[in-house]
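Close look at the chain arrangement
One-letter residues, chain by chain:
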Amino acid sequence: MFWNLPAPPWFPIYLSLKVAGLATLMALITGVAVARYQMRKKTMRSKVLDALCTLPMILPPTVLGYYLILIIGRRGVLGHWLQEMGIQLIFTWQGAFPLIYKSARAALESVDPRFEAAARTLGAGEGKIFFSVTLPLAWRGILAGSMLAFARGMGEFGATLMLVGVTRM
């Protein structure tokens, strides 16, 4: 059986880079989207959503992982239902989300609303305003959050694999 074969020496680095890169990409897309939705909102609902989005950043990974397994694991409260729907959340990219979300939200909120208003007066739609005005002005903050998320993904992935005992290929 191939489980008895030793892993190539480059395999842990390759796997860590692959998982951290994919996690960062997925968190970048969703983090910027949620930050765009949340920017400049001050309602109670917005504050609760903001707190939920940053929860993985506040809790230690082992505590968060333990409760996630209890809730969405195969034998968890929601696990069976999620499995029937074909949804798998264990060993996925969501841990990197808060780092990108907070950085993206701060960067997007720092864009002067007058630039967006000027684009609206020139007839630009919201999508065009976001991609041609807001995003180019906020890219540095989003890039900084992406770099933090990638670094955390690299660090946490190895610890997670060691914790659950997946040490071979």
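Our subject in this report is the structure included herewith. The structure presented is a predicted model; accordingly, all values stated were derived computationally and were not measured.

Points about the side chain of D50
On the secondary structure map, D50 appears in helix α2 (residues 44-58). Exposure remark for D50: the relative accessible area of 16% places this residue in the buried category. Side-chain polar atoms of D50 contact the side chain of R105, separated by 3.1 Å. Contacts of D50, omitting those with residues within four sequence positions, involve Q38, Y101, K102 and R105.

What about the packing of aromatic side chains?
According to the stated counting rule, one finds 1 aromatic pair in the structure shown. Seen in terms of ring centroids, F130 and F131 are 5.1 Å apart; in terms of plane orientation they differ by 80°. Their pairing is edge-to-face. Note that K41 overlies the ring of Y37, its terminal NZ or CZ placed 3.8 Å from the centroid.

Let's talk about the packing of helix α1 (residues 11-38) against α2
Running from N to C, α1 and α2 point in directions that differ by 160°, and their axes come no closer than 11 Å. The angle between α1 and α2 places the two elements in the roughly antiparallel class. Here α1 and α2 pass one another in a crossing that is left-handed. On α2, the residues touching V34, Y37 and Q38 of α1 are R45, S46, L49, D50 and C53. Across the contact of α1 with α2, the residue classes tally to 4 nonpolar, 2 polar and 2 charged.

Brief notes about the environment of S103
Within the fold, S103 resides in helix α5 (residues 97-109). Measuring from C-alpha to C-alpha, the distance between S103 and L143 comes to 8.5 Å, with 40 residues separating the pair along the chain. Discounting residues that sit within four places of it in the chain, S103 has contacts with G141 and G145.

Some thoughts on α5
The first and last C-alpha atoms of α5 sit 18 Å apart over 13 residues, in line with the 18 Å expected at 1.5 Å per residue. The buried fraction of α5 is high, at 10 of 13 residues. All buried positions along α5 are accounted for by F97, P98, L99, I100, Y101, S103, A104, R105, A107 and L108.

Things to note about the side chain of T24
Note that T24 resides in helix α1. Overall, the relative accessible area of 10% leaves T24 in the buried class. A distance of 2.7 Å separates a polar atom in the side chain of T24 from the backbone oxygen of A20. Beyond its immediate sequence surroundings of up to four residues, T24 is in contact with I100, S146, A149 and F150.

Structural notes on α2
Given a rise of 1.5 Å per residue, 15 residues ought to cover 21 Å, and the 20 Å separating the end C-alpha atoms of α2 matches this to within 8%. Its maximal kink placed at L52, α2 deviates by approximately 30°, while the proline P56 follows within four residues. Among the residues of α2, those classed as buried are S46, D50, C53, T54 and P56.

A look at the pattern of salt bridges
In the structure shown here, the tally under the stated rule is 6 salt bridges. With a closest N to O distance of 3.1 Å, R105 and D50 form a salt bridge. With a gap of 55 residues between them, R105 in helix α5 and D50 in helix α2 connect regions that are remote in the sequence. Summarising the burial analysis for this pair, R105 and D50 share the class buried. Between R105 and E109 there is a salt bridge whose closest N-O contact spans 2.9 Å.

Criteria and thresholds
Residues numbered from 1 in each chain as written. Predicted model: local features only at pLDDT ≥ 70, side-chain atom pairs only at ≥ 80, totals over all residues. Heavy atoms only, no water. Helix = DSSP H or I, 4+ residues; strand = E, 2+ residues; numbered from the N terminus. Buried < 20%, exposed > 50% of the residue type's maximum accessible area, 1.4 Å probe, protein only. Polar contact = N/O pair within 3.5 Å; in protein donor to acceptor, adjacent residues only side chain to side chain. Contact = heavy atoms within 4.5 Å. Phe/Tyr/Trp six-rings, centres within 6.5 Å; stacked < 30°, edge-to-face > 60°. Lys NZ or Arg CZ within 6 Å of the ring centre and 35° of its normal. Axes fitted to C-alpha atoms, helices over the stretch in contact; angles between N-to-C directions. Parallel < 35°, antiparallel > 145°, perpendicular 65-115°, else oblique. Left-handed = near helix turned anticlockwise from the far one by under 90°. Nonpolar A, V, L, I, M, F, W, Y, C, P; charged D, E, K, R; others polar. Expected span 1.5 Å × (residues − 1). Bend = angle between axes of the 7 residues up to and from the residue. Salt bridge = Lys/Arg side-chain N within 4 Å of Asp/Glu carboxyl O.

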